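# Structural features, examined
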Amino acid sequence: LPMHKMTNTDLSRLLKSEEIQNAIRAPKKEKARHGLKRNPLKSMRIMMRLNPYAAAQSKMAKEQEARRKKEKQQMLDAKRGIVTFEDRGKGKSRPRKTISKGKPAGLKQ
């Protein structure tokens, strides 16, 4: 006949016995809380923690974008025949004026 592995099957009483309670460690009362995982692409503070050079990269990218935007606008203004405020120098004139090429636009023939 097969024999049982345990002679006393009252498990709850066994676990509460003094011999076992002396052998096991004390239970953990406070659980460690897990913080919320934040996206470093959206949160600059988290990105700085991961990559300290991110602020300099971001600043350089913004400066480069502004420079490219300005160059593109100057190129388009030159094609369209528009003088920008920076090209005219100092003064209180309007920022952008068209350069007249040929006949005035208001006259009909």
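Thresholds, definitions, all that
- Residues numbered from 1 in each chain as written.
- Predicted model: local features only at pLDDT ≥ 70, side-chain atom pairs only at ≥ 80, totals over all residues.
- Heavy atoms only, no water.
- Helix = DSSP H or I, 4+ residues; strand = E, 2+ residues; numbered from the N terminus.
- Buried < 20%, exposed > 50% of the residue type's maximum accessible area, 1.4 Å probe, protein only.
- Expected span 1.5 Å × (residues − 1).
- pLDDT = per-residue confidence, 0-100.
- Patch = residues over 30% accessible without salt bridge, like charges linked within 9 Å, V, L, I, M, F, W, Y side chains within 5 Å.
- Areas by Shrake-Rupley, 256 points an atom, 1.4 Å probe, with all protein chains shown as cover.
- Salt bridge = Lys/Arg side-chain N within 4 Å of Asp/Glu carboxyl O.

Our focus in this paragraph is the environment of Asn8. As for its position among the elements, Asn8 is in the segment before helix H1 (11–15). By relative accessible area, Asn8 is classed as partly exposed at 28%.

So, about helix H4 (residues 54–80). Helical geometry note: an α-helix holds 3.6 residues per turn, so side chains three or four residues apart project in the same direction. Here H4 contains 27 residues, and its C-alpha end-to-end distance of 39 Å stays within 8% of the 39 Å for a straight helix at 1.5 Å per residue. One or two positions beyond H4, positive phi appears at Gly81, with a value near 80 degrees.

What follows concerns the confidence of the model for the protein chain. On average, residues of the protein chain score 83 in pLDDT, and 76% of them are at 70 or above. Ranking the elements of the protein chain by mean pLDDT puts strand S2 (residues 97–98) last with 58 and helix H3 (residues 44–50) first with 95.

Here we take up a nonpolar patch on the surface. Judged by side-chain polarity, Met6, Leu11, Leu15, Ile20 and Ile24 come together as a nonpolar surface patch covering roughly 420 Å² of accessible area. Secondary-structure assignment places Leu15 in helix H1.

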